[in-house]
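Inside the fold
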Amino acid sequence: MRFNKVLEKIKTYEAGKPIELVVREFGIKPEDVVKLASNENPIGTSSAVKEAIIANADKAHLYPDDSMFELKAALSEKFGVGDENIIIGAGSDQVLEFISRALLNEHESVLMSGVTFAMYEIYARQMGAKIYKTASYEHKYDEFMEAYRMYLPRIVYLCTPNNPTGDATSKEEVLRIIEAVDPLQTLVVVDGAYMEYAAAKDPRYKITPKDLLGYPHVIYLGTFSKAYGLGGMRVGYGIAQSTVIRELYKMRPPFNISTLSLAAAIAACGDDAFVEDSIRLHQQEIKRYEAFAKEKGIAYIDSYTNFITYLFDEGMDSTRIADALLKRGVIIRDLASYGMNAIRITVGTPKQNDTFFKVFNEVTV
Ligand code: PMP
């Protein structure tokens, strides 16, 4: 079978390993597996969300409300934007896919930071577009603008806070880049998947969809998968001027969000206390990861997200360490495939983190 030539250059996205795999391969009991690999919310899902899912179970035979009226109303209220400014995807991943399909082809290019969310590149390659990356993983104005002027990309991705590194770009710097690009040539995607954590850490890094709505060439992406604890329900959103949203809608398959996912996201929108609790626990626990790294002489990136990235020197090999942790039931993310001798650890519950520190000590003696 001959497949599209563009597929030759695509490396399949490797998701964080599931608990089931560790149970199967290493014979570890599911309750003993600690999964700190996919930046999920370690405290789970709020009880309001669980109740909403159960209450909607008897609607499973009906297609969902394709207008997503209620979820859009909840998001409109939350962010102070109109419902014509919102598109909802099966995860913000699906909105990224709509953007790519709406703007790219083999004559176009995209620009992103040197190490960032892998799906930007995968979706762009699917469209045959060229990929340009800056030298640094941080979003530096000078590096972005130099590359921008050279390649005039169709899309600029600003991932803040950035995954898998955890650093963030200030609102001031993001606006500087947005204002320097040509609004007729380029869409700037501000991916705020971890924004709740950055906003709580330092207000200079807080960017809201409304901050960007005045720009015709910008879309803000958010997700319910992280701070809201809905990774398994797959709901994300894009917020932009209606001229952008209207075009993206042409890419959307019908009923792309399930009834139960819509109900879960609507309930999550009304449960700010859960998000606040999640962030409070996170802020307490991430300090332990910083202290642990300092104690062991390991460098780390100051994190604005729900994970932390440890940077190893030559004496430590990220792949070897990730494999050794995995065999003992601790799943984290090896960043070797991003060209970094580093691991990314989702900050877990106090108990999960205790296990991480203990097992990390065992495998690195
Ligand atoms: N953007 C970034 C930066 C991410 O890290 C992720 C999830 N790993 C996504 C987007 C997609 O999230 P979701 O599809 O779960 O909304």
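Residues numbered from 1 in each chain as written. Predicted model: local features only at pLDDT ≥ 70, side-chain atom pairs only at ≥ 80, totals over all residues. Heavy atoms only, no water.

1. Let's talk about the domain arrangement of the protein chain
- Domain boundaries in the protein chain define domain 1 (5–45 + 273–363) and domain 2 (47–271).
- Listed by partner, the interface residues are 31 residues for domain 1 and 36 residues for domain 2.
- In total, about 2800 Å² of surface goes out of reach between domain 1 and domain 2, with carbon and sulfur atoms giving 65% of it.
- Taken together, domain 1 and domain 2 are joined by 1 salt bridge.
- Between lysine 201 and aspartate 302 there is a salt bridge; the shortest N-O distance is 2.8 Å.
- Where domain 1 meets domain 2, there are 12 residue pairs in polar contact (both at pLDDT 80 or more).
- Of all the elements in the fold, those that place two or more residues in the side of domain 1 that touches domain 2 are helix 12 (272–296) and strand 10 (307–311).
- The leading source of residues in the side of domain 1 that touches domain 2 is helix 12, at 7 residues.
- Its residues assigned to classes, the side of domain 1 that touches domain 2 comprises 13 nonpolar, 13 polar and 5 charged. (Domains from an automatic or database assignment. Contact = heavy atoms within 4.5 Å. Buried area = accessible area lost by both parts, 1.4 Å probe. Salt bridge = Lys/Arg side-chain N within 4 Å of Asp/Glu carboxyl O. Polar contact = N/O pair within 3.5 Å; in protein donor to acceptor, adjacent residues only side chain to side chain. Helix = DSSP H or I, 4+ residues; strand = E, 2+ residues; numbered from the N terminus. Nonpolar A, V, L, I, M, F, W, Y, C, P; charged D, E, K, R; others polar.)

2. Brief notes about the side chain of threonine 165
- Tracing the chain through its elements places threonine 165 in the loop between strand 5 (155–159) and helix 7 (171–180).
- Of note is the side chain of threonine 165, whose polar atom sits 3.1 Å from the side chain of asparagine 162.
- Those residues in contact with threonine 165 that lie beyond four places of it in its chain are Val115, Tyr137, Ile301, Phe307, Thr309 and Met340.

3. Description of the nonpolar core
- Counting 58 residues, the largest nonpolar core has Leu71, Leu75, Ile88, Ile178 and Phe224 as the members making the most contacts within it.
- In terms of residue count, the dominant contributor to this core is helix 11 (residues 259–269) (7 residues).
- Viewed by domain, this core spans two of them, domain 1 (5–45 + 273–363) and domain 2 (47–271), each represented by three or more residues.
- When residues no more than four places from it in sequence are discounted, the contact partners of phenylalanine 224 are Leu71, Leu75, Gly229, Leu230, Gly231, Val235, Tyr237, Ala265, Ala268 and Cys269.
- Within the second largest apolar cluster, 28 residues are counted, among which are Ile87, Ile122, Tyr123 and Val189. (Core = buried A, V, L, I, M, F, W, Y, C linked by side-chain atoms within 4.5 Å. Buried < 20%, exposed > 50% of the residue type's maximum accessible area, 1.4 Å probe, protein only.)

4. Some thoughts on the packing of aromatic side chains
- According to the stated counting rule, one finds 21 aromatic pairs in the structure shown.
- Look at tyrosine 194 and phenylalanine 307: their rings are 5.3 Å apart centre to centre, the planes differ by 85°, and that puts the pair in the edge-to-face class. Of this pair, tyrosine 194 sits in the loop between strand 6 (187–191) and helix 8 (195–201) while phenylalanine 307 sits in strand 10, and the two are 113 residues apart along the sequence. There is no split in this pair, since tyrosine 194 and phenylalanine 307 are both buried.
- Judged by centre distance (5.8 Å) and plane angle (75°), the ring pair of phenylalanine 356 and phenylalanine 357 falls under edge-to-face.
- Note on phenylalanine 357: relative accessible area 9%, which makes it buried.
- By the ring-pair criterion, three or more aromatic residues cluster together here, those being Tyr289, Phe292, Tyr310, Phe312, Phe356, Phe357 and Phe360.
- Lying over the aromatic face of tyrosine 141, arginine 176 brings its terminal NZ or CZ to 3.7 Å of the ring centre. (Phe/Tyr/Trp six-rings, centres within 6.5 Å; stacked < 30°, edge-to-face > 60°. Lys NZ or Arg CZ within 6 Å of the ring centre and 35° of its normal.)

5. Looking at the environment of glycine 44
- Checked against the element boundaries, glycine 44 lands in the loop between strand 1 (34–35) and helix 2 (47–55).
- Classification of glycine 44 by relative accessible area gives partly exposed; the value is 24%.
- Along the sequence, glycine 44 and lysine 226 sit 182 residues apart, while their C-alpha atoms lie 10.0 Å from each other.
- The residues touching glycine 44, leaving out its near neighbours within four places in the chain, are Gly229 and Phe274.

6. Some thoughts on the site of the ligand
- Around the ligand sit 13 residues, and of these Ser92, Asn163, Asp191, Thr223 and Ser225 come closest.
- In this structure, an oxygen atom belonging to the ligand sits 2.6 Å away from a side-chain N or O atom of asparagine 163.
- Threonine 223 is positioned with one of its side-chain polar atoms (N or O) 2.5 Å from an oxygen atom of the ligand.
- Alone, the ligand offers 400 Å² of accessible surface; in the complex the protein occludes 93% of this.
- Here the residues of the shell around the ligand are counted per class, giving 4 nonpolar, 5 polar and 4 charged. (Near = heavy atom within 4 Å. Areas by Shrake-Rupley, 256 points an atom, 1.4 Å probe, with all protein chains shown as cover.)

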